[in-house]
Amino acid sequence: MNGLLVRAEQVSKIYNTNSHHTAGVLDISFSATAGEMVLLLGPSGSGKTTLLTLIAGFIQPTAGQILLFNEDIQSYSQTKLQSIRATKIGFVFQSFRLIEALNVLKNIELCLHFGGKSREERHRTARQVLKNFDIEHLADRYPGQLSQGEKQRVAIARAVANDAQLILADEPTASLESGQGFEIIRLLHDYARKENKCVLVASHDLRLKDYADRIVNFENGRIV
Amino acid sequence: MYAIKILFHQPYRYLLTTGGIGLCIVLILFLLGIYRGVADGSVEYIRQNRADLWIMQKNTTNILRGTSILSTAHGYVLRDLPELENISPILLLLSTIKMEDKEATVFLTGYDLAAPYGGPPEIIQGQSVRNDDEIVLDISYAEKHDLEIGDTVHLNSYALNVCGFSTGTNAFVIQYAFVSLQRAQSLIDFNNLVTCYCADFKADSKNLLSPRELSDEVPGTVVYTHEKFLKNNIREMESGILPLLYAIAAIGSVVLTVILTLILSINILEYRKDFAIMKALGSPKGYLPGLIINQSSFLVGSAILFGLFLFFPMVKLISKISPEIETITSTGHIITVILVVGMMSLISSFFSIRKLRKIYPLEVYE
């Protein structure tokens, strides 16, 4: 149990639309621990993103139980969930999801603000994180002035800024050229290993297999 | 920071919104200014004629929208009362003054030149009426019609010399003008008619007779103290044009709220992805509503500055174009408007914040 951050037990998510039932995930059991990068591999619609959103608490499972940081996620209040997202979980999205109106530094500071850091601490930490990722020179630039690869580096910097225990990365390389993609995966892998954190990467890209500590294959909402 | 940044991301929209709300604020301030101006101007004549008593025809409560006809015989009765002194007859008529190429109506006030009450409250240029061939005009009326001291105007067949200009005699929709009682009476061909009388109690008789007892002494009249008569006239005026001003000011406030709500809502919809990202990243409960309130406050703050910047030059310009439009704006008015606009800003925020509920963090995965 030591280092176990996420555990899903026989989790299903069924979407009901117009008397139509669509399975997001079906009867999934899965766990992830600190210090590893787990690749959730599968084609589009196989349920890997659904699992990430379940772990983040954005949606509730139809059946089963998800333990996040050793507590049933359904027992968390909305406020507690928000606080966990702000302080313990980092998010990396396929299309980066940086705030266009804020420069790179402010994007990271915003996340730290949600984590309850003081103004001074926010500024200092954001600078340090940018430095750690070798993107300090981008601090004053706006997302619109960055390349795709730079945007994703900033997004990862934002995700780890609050010293997140768990990173949920959804197709982090899908919008990038392969060279940039591998670089991003290496960054995430390094973060998991060096900082003893857990990184869950959902991707359909088979080439990422070599970088993962563990691979979980998805198909039609099930782990195969 | 983010709240202000996204406002500046659309500078034209920001300027238009600030302009729109600013103009609403100007409108509200202007109407409040007119309200005060009318409220003060309409009754200033009565306020300044500080007679102890106003004696009117029975069932008349005011001179602004009431008709009172008394005869000079009432004056004799009043003069015979041992408790009263300074009996001052006044005749009020709506009359048309003819100038060289135009004509305009005035509230013509005929008063006994030898009596202490009935004349203009304050002469700011020239002098008061000395004989039957002179007239004192309200200053805004004179400015509007380009009249100067020494000019000649006509009332029916009488040529009158403009001898002075008065203030406190602008009732917004009409202005007072002053002539001798004889001249006013000759205009209606009834030399024994007046509208009312002003009178004072003799020093030693002040508490001997009540207005009601005085009314009984002079049949067909009603007697008011100065305070009561002033109140009657203020109430009369407030039930006339002023509700309309309030209604327009209220509409201005509603328009302001609607503009603000629309802009805030549009911003939320346009930046809904940002709001979804913030929700996903764990923004605390009050953070996003706080952003909207900040935006709203910033917009309103800019609009207030713009409105105040525009208001005073605009009032000056309007008073040049239409001198009879008299506005009085006090610090209290400005503070009231700022408070009202602040409240509207909160209402707008409240309506807009409801839209945030329909933004889901899951949208970041779309």
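Residues numbered from 1 in each chain as written. Chains lettered and ligands numbered in written order. Predicted model: local features only at pLDDT ≥ 70, side-chain atom pairs only at ≥ 80, totals over all residues. Heavy atoms only, no water.

Digging into the pattern of salt bridges
Residues and elements named next belong to chain A. Overall, the coordinates contain 15 salt bridges over all chains when judged by the stated rule. D205 is the salt-bridge partner of R207, the closest N and O atoms lying 3.0 Å from each other. Judged by its relative accessible area of 45%, R207 is partly exposed. Looking at D205, the relative accessible area reads 14%, which means it is buried. (Salt bridge = Lys/Arg side-chain N within 4 Å of Asp/Glu carboxyl O. Buried < 20%, exposed > 50% of the residue type's maximum accessible area, 1.4 Å probe, protein only.)

Some points on the state of the cysteines
Within the structure shown, the criterion is met by zero disulfides over all chains. C198(B) provides the cysteine sulfur closest to C196(B), a residue in no disulfide bond, and the two sulfurs are 5.6 Å apart. (Disulfide = S-S within 2.5 Å.)

Examining the nonpolar core
The biggest cluster of nonpolar side chains holds 95 residues, and the ones touching the most others in it are F30(A), L68(A), L166(A), L200(A), Y2(B) and F275(B). For this core, the element with the most residues is helix α2 (residues 11–48) of chain B, which contributes 14 residues. Beyond its immediate sequence surroundings of up to four residues, L200(A) is in contact with F30(A), A32(A), V38(A), L52(A), I55(A), L166(A), I167(A), L168(A) and A169(A). Counting 39 residues, the second largest nonpolar core, distinct from the first, contains L39(A), L112(A), I156(A) and L176(A). (Core = buried A, V, L, I, M, F, W, Y, C linked by side-chain atoms within 4.5 Å. Helix = DSSP H or I, 4+ residues; strand = E, 2+ residues; numbered from the N terminus. Contact = heavy atoms within 4.5 Å.)

Describing the side chain of T53(A)
Structurally, T53(A) can be placed in helix α1 (residues 48–56). Other than its neighbours up to four places away in sequence, T53(A) contacts F58(A), I59(A), L362(B) and Y365(B).

With respect to the packing of helix α8 (residues 242–270) of chain B against helix α10 (residues 287–321) of chain B
Residues and elements named next belong to chain B. Running from N to C, α8 and α10 cross one another at 135 degrees; their axes reach a closest spacing of 11 Å. Judged by the angle between their axes, α8 and α10 are oblique. Two packed elements cross with a definite hand, and for α8 against α10 that hand is right-handed. Contact with α8, carried on its side by L260, I263, L264, N267 and I268, involves I292, Q295, S296, L299 and V300 of α10 and no other residues of that element. Looking at side-chain class alone, the contact of α8 with α10 contains seven nonpolar, three polar and no charged residues. (Axes fitted to C-alpha atoms, helices over the stretch in contact; angles between N-to-C directions. Parallel < 35°, antiparallel > 145°, perpendicular 65-115°, else oblique. Left-handed = near helix turned anticlockwise from the far one by under 90°. Nonpolar A, V, L, I, M, F, W, Y, C, P; charged D, E, K, R; others polar.)

A word on the packing of aromatic side chains
How two aromatic rings sit relative to each other is given by the distance of their centres and the angle of their planes. Taken as a whole, this structure holds 19 aromatic pairs over all chains when the rule is applied. Cluster of aromatic residues (ring-pair linked, three or more members): Y45(B), F107(B), Y111(B), Y176(B) and F178(B). Here the basic side chain of K88(A) rests over the ring of F69(A), its NZ or CZ set 5.0 Å away from the ring centre. Above the plane of the ring of Y158(B) lies R183(B), whose end atom (NZ or CZ) is 4.0 Å from the centre. (Phe/Tyr/Trp six-rings, centres within 6.5 Å; stacked < 30°, edge-to-face > 60°. Lys NZ or Arg CZ within 6 Å of the ring centre and 35° of its normal.)

Thoughts on the sheet that holds strand β6 (residues 89–92) of chain A
Residue and element names in this part refer to chain A. Strands sit in the order β6-β7-β8-β3-β9-β10 across an open sheet of six strands; the sheet is mixed. Either end of the sheet is taken by a strand with one partner, and the two such strands are β6 and β10 (222–223). Relative to strand β8 (residues 198–203), strand β3 (residues 37–41) is paired through five bridges, and the arrangement is parallel. If you follow M37 over to β8, its bridge partner there is V199. Sheet contacts for α1: β3, β6, β7 (166–170), β8 and β9 (214–219); angle to β7, the most-contacted strand, approximately 145 degrees. (Pairing = 2+ DSSP bridges.)

What to know about a positive patch on the surface
All names here are of chain B. Taken together, the side chains of R354, K355, R357 and K358 make up a positively charged region of the molecular surface. Note on placement: K355 falls in helix α11 (residues 331–356). You can call K355 partly exposed: its relative accessible area is 36%. (Patch = residues over 30% accessible without salt bridge, like charges linked within 9 Å, V, L, I, M, F, W, Y side chains within 5 Å. Areas by Shrake-Rupley, 256 points an atom, 1.4 Å probe, with all protein chains shown as cover. Lys, Arg positive; Asp, Glu negative; His and termini not counted. Charge placed at Lys NZ, Arg CZ, Asp CG, Glu CD.)

A look at the interface of chain A and chain B
Each side of the interface is counted separately: chain A has 23 residues, and chain B has 23 residues. Buried surface at the junction of chain A and chain B, summed over both partners, amounts to about 2100 Å²; 69% is from carbon and sulfur atoms. Of all residues in chain A, the largest losses of buried area upon contact with chain B belong to R97(A), A101(A) and F114(A), amounting jointly to 30% of the total for that side. At the junction of chain A with chain B, the criterion picks out zero salt bridges. Counting across the chain A and chain B interface gives three residue pairs in polar contact (both at pLDDT 80 or more). Every element with two or more residues in the side of chain A that touches chain B is listed here: α1, α2 (78–87) and α3 (104–114) of chain A. Tallying contributions element by element places α3(A) first for the side of chain A that touches chain B, with five residues. Among the residues forming the side of chain A that touches chain B, the class breakdown is 13 nonpolar, four polar and six charged. (Buried area = accessible area lost by both parts, 1.4 Å probe. Polar contact = N/O pair within 3.5 Å; in protein donor to acceptor, adjacent residues only side chain to side chain.)

With respect to α1(A)
All names here are of chain A. The element α1 is extensively covered by neighbouring structure, given that eight of its nine residues are classed as buried. Regarding α1, the residues found buried are K48, T50, L51, L52, T53, L54, I55 and A56. Just downstream of α1, G57 is the residue with a positive phi angle, here 80 degrees.

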